Every structure is written in C-alpha cells, then in structure tokens.
Amino acid sequence: LVGQEFNPAVFTFITFPFLFGVMFGDIGHGFIMTMAGGLICLFENRLKAAAANDMFGTIYDGRYNILLMGLFATYAGFIYNELFSVPLEALGSTAWCSGEMDDADCWATPGINASTSMQKWLRSNINQAYDFTTQQSTGVEVTWDVYPMGADPGWAHTA
C-alpha cells in the first residue's frame, strides 16, 4: 500500500451535488434540473454521438452529477419551502402575524396595535390562557403555532 494515494473523487461526487442543492434549494428549479439530468441519463445511448460536440459533451459527461444536483436542490427546496423562488403555503398559512395582515386572530393579540406595528409576532392562544381584565391566568397552557415543515413562509419578506 506504500505509494498509493487517497482518491477524494468518491466523496466529492456526492458532496458537490449536495452542497449545490443547499445553495440552489428550490422545488421547481430542482425538479426541472432533475428532469433534464434524468432525460440525459435515460437517453444516454442515443445522445452519445452528440457528445462529440464540446458544448453538449460537457453536459453529457456530467449527466449523473446534474441528476444528483437536481435531486438535492428539490430536497433543499422542501426544507426552504420555496417553489420557483416564491414561498409555498401548502401546509397552511404562516404562524406569524404582522401589521399588514387582515387576520382577526392577529389583531386580537393584547398589547399589540396591529394597525401601526410592522413587527412580526407569533400566533398563540394567549387570549384563552390569560384574562387581561383581572390579570389572572385561566389555567390553560399557552401554546404557540409552528409551521409544520420547512421554513415558515412568513419570513420571506423580512429582508
């Protein structure tokens, strides 16, 4: 074993597409990339002759890499909760309230003037858990809403 070198290609072949997916994470764009890579892999025998062209040859040689990059980008898109760079509210509305919303539950939060506040606050059942007129707890546990999967779409417009 003396003189043999370690080949990092095995690890690079999976880590590069994964890190690309983390950077590019989007359900729609990742799906398109997965389909493109999948079609090139599916028809690789028919496309072999076109691979002599330098431009298409690079894409043809990286067909499995493109497929993996698309799969990881789609996976990360579900985590980031984005479809074509637009927040996806497939699992319900945001768990956050802000002044620009028309939601009555958000406007009923004590101590918040929703008409002037542009700050975000988390939805909760604070009105059922605390009586603000007597300043006493009702015995109900305070719970906070949480978005079920991925990034909450309410954070999309905070930057």
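Residues numbered from 1 in each chain as written. Predicted model: local features only at pLDDT ≥ 70, side-chain atom pairs only at ≥ 80, totals over all residues. Heavy atoms only, no water.

Student: Sorry if this is basic, but what is going on with the overall build of the chain here?
Tutor: For the chain, the count of helices and strands is seven helices and six strands. Sequence-distant contacts in the chain: of pairs separated by 6 or more residues, those separated by 24 or more amount to 57%. Of the roughly 10900 Å² of accessible surface on the chain, 64% is carried by carbon and sulfur atoms. (Helix = DSSP H or I, 4+ residues; strand = E, 2+ residues; numbered from the N terminus. Contact = heavy atoms within 4.5 Å. Areas by Shrake-Rupley, 256 points an atom, 1.4 Å probe, with all protein chains shown as cover.)

Student: Quick question: what am I supposed to make of the pattern of salt bridges here?
Tutor: A side chain of one charge can pair with a side chain of the opposite charge when the charged atoms of the two come close. If you walk through the whole model with that rule in mind, you get one salt bridge. A salt bridge links glutamate 44 to arginine 63, with the shortest nitrogen-to-oxygen separation between them at 2.9 Å. In this pair, glutamate 44 sits in helix H3 (residues 44-47) while arginine 63 sits in helix H5 (residues 63-80), placing the two residues 19 residues apart along the sequence. Each member of the pair, glutamate 44 together with arginine 63, is buried. (Salt bridge = Lys/Arg side-chain N within 4 Å of Asp/Glu carboxyl O. Buried < 20%, exposed > 50% of the residue type's maximum accessible area, 1.4 Å probe, protein only.)

Student: What is the right way to read the side chain of threonine 34 from this model?
Tutor: Along the chain, threonine 34 falls in helix H2 (residues 27-42). Threonine 34 sits in the buried class, given a relative accessible area of 9%. Look past the residues within four positions of threonine 34 in its chain and what remains in contact with it is Leu67, Gly70, Leu71 and Thr74.

Student: Please clarify how the side chain of aspartate 26 should be interpreted in this entry.
Tutor: With respect to the element layout, aspartate 26 can be found in the loop between helix H1 (9-24) and H2. Overall, aspartate 26 belongs to the buried group, its relative accessible area being 3%. Within the structure, the side chain of aspartate 26 is placed 3.0 Å from the backbone nitrogen of histidine 29, a separation counted as a polar contact. Within polar-contact distance, the side chain of aspartate 26 engages the backbone nitrogen of phenylalanine 84 at 2.8 Å. Beyond its immediate sequence surroundings of up to four residues, aspartate 26 is in contact with Ala73, Thr74, Gly77, Glu82, Leu83, Phe84 and Ser85. (Polar contact = N/O pair within 3.5 Å; in protein donor to acceptor, adjacent residues only side chain to side chain.)

Student: Explanation requested: unusual backbone geometry in the structure shown.
Tutor: Glycine aside, residues mostly have negative phi, and peptide bonds are mostly found in the trans state. Residues other than glycine seldom take positive phi values, yet phenylalanine 84 does so here, at roughly 50°. Tracing the chain through its elements places phenylalanine 84 in the loop between strand S1 (82-83) and strand S2 (86-87).

Student: How should H1 be read in this particular structure?
Tutor: Helical geometry: 3.6 residues make up each α-helical turn, so side chains three or four residues apart lie on a common side. For H1, spanning 16 residues, the distance from its first C-alpha to its last is 22 Å, which sits close to the expected 22 Å at 1.5 Å a residue. Contacts made by the buried residues of H1 are with H2 and H5. (Expected span 1.5 Å × (residues − 1).)

Student: Looking at this structure, how should I read a nonpolar patch on the surface?
Tutor: On the surface, Phe18, Leu19, Val22, Tyr75, Ile79 and Tyr80 cluster together into a nonpolar patch covering about 560 Å² of accessible area. Contributing elements (two or more residues each) for the nonpolar patch: H1 and H5. (Patch = residues over 30% accessible without salt bridge, like charges linked within 9 Å, V, L, I, M, F, W, Y side chains within 5 Å.)

Student: Help me out: how do you make sense of the packing of aromatic side chains in this one?
Tutor: The relative placement of two aromatic rings is captured by the distance of their centres and the angle of their planes. Taken as a whole, this structure holds four aromatic pairs when the rule is applied. On the numbers, 5.1 Å between centres and 25° between planes, the contact of phenylalanine 20 with phenylalanine 24 is stacked. A residue pair is termed a helical-turn pair when its members lie 3 or 4 positions apart in one helix, as phenylalanine 20 and phenylalanine 24 do in helix H1 at four residues. According to the relative accessible area criterion, phenylalanine 20 is buried, its value standing at 16%. Geometrically, the ring pair formed by phenylalanine 56 and tyrosine 60 is tilted, given 6.2 Å between the ring centres and 40° between the ring planes. Taken together, the residues span about one helical turn, with phenylalanine 56 and tyrosine 60 both in helix H4 (residues 54-61) at a distance of four residues. For tyrosine 60, a relative accessible area of 5% corresponds to the buried category. Above the ring of tyrosine 60, the side-chain terminus of arginine 63 is found at 4.2 Å from the ring centroid. (Phe/Tyr/Trp six-rings, centres within 6.5 Å; stacked < 30°, edge-to-face > 60°. Lys NZ or Arg CZ within 6 Å of the ring centre and 35° of its normal.)

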